[in-house]
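Residues per chain, in single letters:
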Amino acid sequence: MRKFALYLIIIVGISYLVPRALAKILDTPYPIAAVTSSSMWPTLKEGDLIFIRGTRGTELKEGEIVVYRNEKGFTIHRIVKLQGDRVVTKGDANLREDNPVETSDVIGKTITLKGKPLRFPYLGKISMRFNKGTNPQ
Amino acid sequence: MPMQKTLKILGYLVLVLIVFFVALEIFQAPKFEAVVNVVDGESKVGINPTTERLDFGDLSRGSTAVRFVDLKNESGFKTWMYVRKTGELAELLEVSEGKFSLTPGQEKRLEFSLRIPASAETRVYTASVRIWRLPQPL
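Residues numbered from 1 in each chain as written. Chains lettered and ligands numbered in written order. Predicted model: local features only at pLDDT ≥ 70, side-chain atom pairs only at ≥ 80, totals over all residues.

Participant: What's the story with helix α1 (residues 2–26) of chain A in this structure? I'm lost.
Facilitator: Because an α-helix packs 3.6 residues into every turn, residues spaced three or four apart end up facing the same way. Residue and element names in this part refer to chain A. When the terminal C-alpha atoms of α1 are compared, their 35 Å separation across 25 residues agrees well with the 36 Å that a helix rising 1.5 Å per residue should span. Judged by how many residues are buried, α1 sits mostly at the surface: 0 of 25 residues are covered. Two residues or fewer past α1, D27 is found with a positive phi of approximately 60°. (Helix = DSSP H or I, 4+ residues; strand = E, 2+ residues; numbered from the N terminus. Expected span 1.5 Å × (residues − 1). Buried ≥ 20, exposed ≤ 12 C-beta atoms within 10 Å, placed from the backbone.)

This is the structure:
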C-alpha cells in the first residue's frame, strides 16, 4: 500500500511537473502539441507529437514552422511571407495561403533537429484523445 | 482422472483450432493495391482502368478521387471487419469506415477517397489495403 502511494505520488508529480518545467524551459504556455490534420504532410503527419519554443524576443523568418492562435484554436503552418506586423502562412499540403495573422498571435516555433521538426509519430494521438478540439490543426 | 485429461486435450484442440482459424482469416484477408501517379498541372484526373485495384490513375496536386470496394458477408456468422492501410499512400487515403460488423448476407460499400496534397512529388505512390475479418460470436 505504501509502495502504491509512492508510485502515485511519483506519477502525479511527473504529470504535473514535466509540462510546467517544459513551459518554463521553452518559454511558452504550450510547449507540447499534437498534430491533428495532414495540412503539413509530409513534414508533419497527423498524430505527431511536437515541441514548441516560444517566440518572444525572437525574429520570425520565412520558411519556419510556427504555431498561431486563431478562431478555430491553434494552427501549425509554415511562414511564406512576412508583412510588417503580420505573417502569411501556408500548410505544405495546401494549395492556398492562409489569411495573414498578427505576429502577436504566433505563440511559438517548432523545435528542429538537423533542420527538420522534432516529431514523435503516433504519440500525439494520445493527446488528441484527451484534448479534443484544443490541439493545433 | 482420464476424463480430466480428455477435457484438457479437447480444450487444447479447440484453442489450436481458434488460433488456426484466426491466422487463416488474417493471411487470407482480401488485399487491394492502391496506386496513384501524381502528375504536374491542375485538375488532371486519369481514368480508373480496373475495379479490382484501388487504382486512382493520374492525379494532379489538389485533385480528389474516390474509389469503391463492395463487401458481402457470405459466412454464416456475424463478422467483425477491420480495414488496415499500409504504405506511403495510406496517409493520404481516407476510408469511409475502418471498423464495422456485418451480419450474414449483409453488404457494404466502402468509399476510399484520395486527395493529392500540394506537397506531393510527381511520381507513383502506393499502399496496400487489407480487410481483416473475424467471426463475432456474441
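Now, onward.
Participant: Help me understand the interface of chain A and chain B in this model?
Facilitator: Many authors give the size of an interface as the accessible area that is lost as the parts come together. Listed per partner, the contact involves 8 residues of chain A and 6 residues of chain B. Grouping the constituent residues of the side of chain A that touches chain B by class yields 4 nonpolar, 2 polar and 2 charged. (Contact = placed C-beta atoms within 7 Å. Nonpolar A, V, L, I, M, F, W, Y, C, P; charged D, E, K, R; others polar.)

Participant: How do you make sense of the environment of G87 of chain B when you look at a structure like this?
Facilitator: Mapped onto the elements, G87 of chain B comes out in the loop between β4 (79–86) and β5 (93–95). Sequence separation between G87 of chain B and A127 of chain B is 40 residues; the distance between their C-alpha atoms is 4.3 Å.

Participant: Is there a simple way to explain the pairing of strand β2 (residues 49–53) of chain A in this structure?
Facilitator: The side chains of a regular strand alternate, first on one face of the sheet and then on the other. Residues and elements named next belong to chain A. The buried fraction of β2 amounts to 4 of the 5 residues, a majority that puts the element mostly inside the structure. Bridge count between strand β1 (residues 32–34) and β2: 3 bridges; the pairing is antiparallel. Bridged to A33 within β2 is I50. Bridge count for β2 against strand β10 (residues 119–120) is 2 bridges, and the pairing is antiparallel. Within β10, the residue paired with I50 across the bridge is R119. One ladder, built from 2 bridges, connects β2 with strand β7 (residues 106–110); its direction is antiparallel. (Pairing = 2+ DSSP bridges.)

Participant: Which parts of the structure should I look at to understand the pairing of strand β3 (residues 65–70) of chain A?
Facilitator: Residues and elements named next belong to chain A. Bridge analysis of β3 against strand β4 (residues 73–83) gives 6 bridges, and the strand direction is antiparallel. Within the sheet, the bridge partner assigned to V67 lies in β4 and is I76. Between β3 and β4, which pair antiparallel and follow one another directly, the connecting turn spans 2 residues. Where β3 meets β7, 3 bridges bridge the pair, whose relative direction is antiparallel. Looking at the pairing, V67 lines up with G108 of β7.

Participant: Explain the environment of T58 of chain A to me, please; I cannot follow it from the model alone.
Facilitator: Mapped onto the secondary structure, T58 of chain A falls in the loop between β2 and β3. Overall, T58 of chain A belongs to the exposed group, with 12 C-beta atoms counted inside 10 Å.

Participant: Hey, could you run me through helix α1 (residues 2–27) of chain B in this one?
Facilitator: Along its 26 residues, α1 of chain B runs 37 Å from first to last C-alpha, staying within 8% of the 38 Å computed at 1.5 Å per residue. Little of α1 of chain B sits out of view: just 0 of its 26 residues are buried.

Participant: Would you mind showing me how to read the sheet that holds strand β8 (residues 124–135) of chain B here?
Facilitator: As a general point, the strands of a sheet are linked pairwise by backbone hydrogen bonds and lie either parallel or antiparallel. Residues and elements named next belong to chain B. Taken in spatial order, the 5 strands of this open sheet run β2-β1-β8-β4-β6, and their pairing is mixed. Here the strands that pair on one side only, and so sit at the sheet edges, are β2 (54–60) and β6 (99–102). Taking each pair of neighbouring strands and ignoring which way they run, the sheet shows an average axis angle of 20°. The sheet contact formed by strand β1 (residues 31–39) and β2 spans 5 bridges and is parallel. Note that in β2 the partner of V39 across the bridge is S60. (Axes fitted to C-alpha atoms, helices over the stretch in contact; angles between N-to-C directions.)

Participant: For this particular structure, what's the right way to read the confidence of the model for chain A?
Facilitator: The predicted coordinates of low-pLDDT regions are not to be read in fine detail. Mean pLDDT over chain A works out to 88, with 93% of the residues at or above the 70 mark. Mean pLDDT per element in chain A: helix α2 (residues 123–130) of chain A is the minimum at 79, and strand β5 (residues 86–90) of chain A is the maximum at 95. (pLDDT = per-residue confidence, 0-100.)

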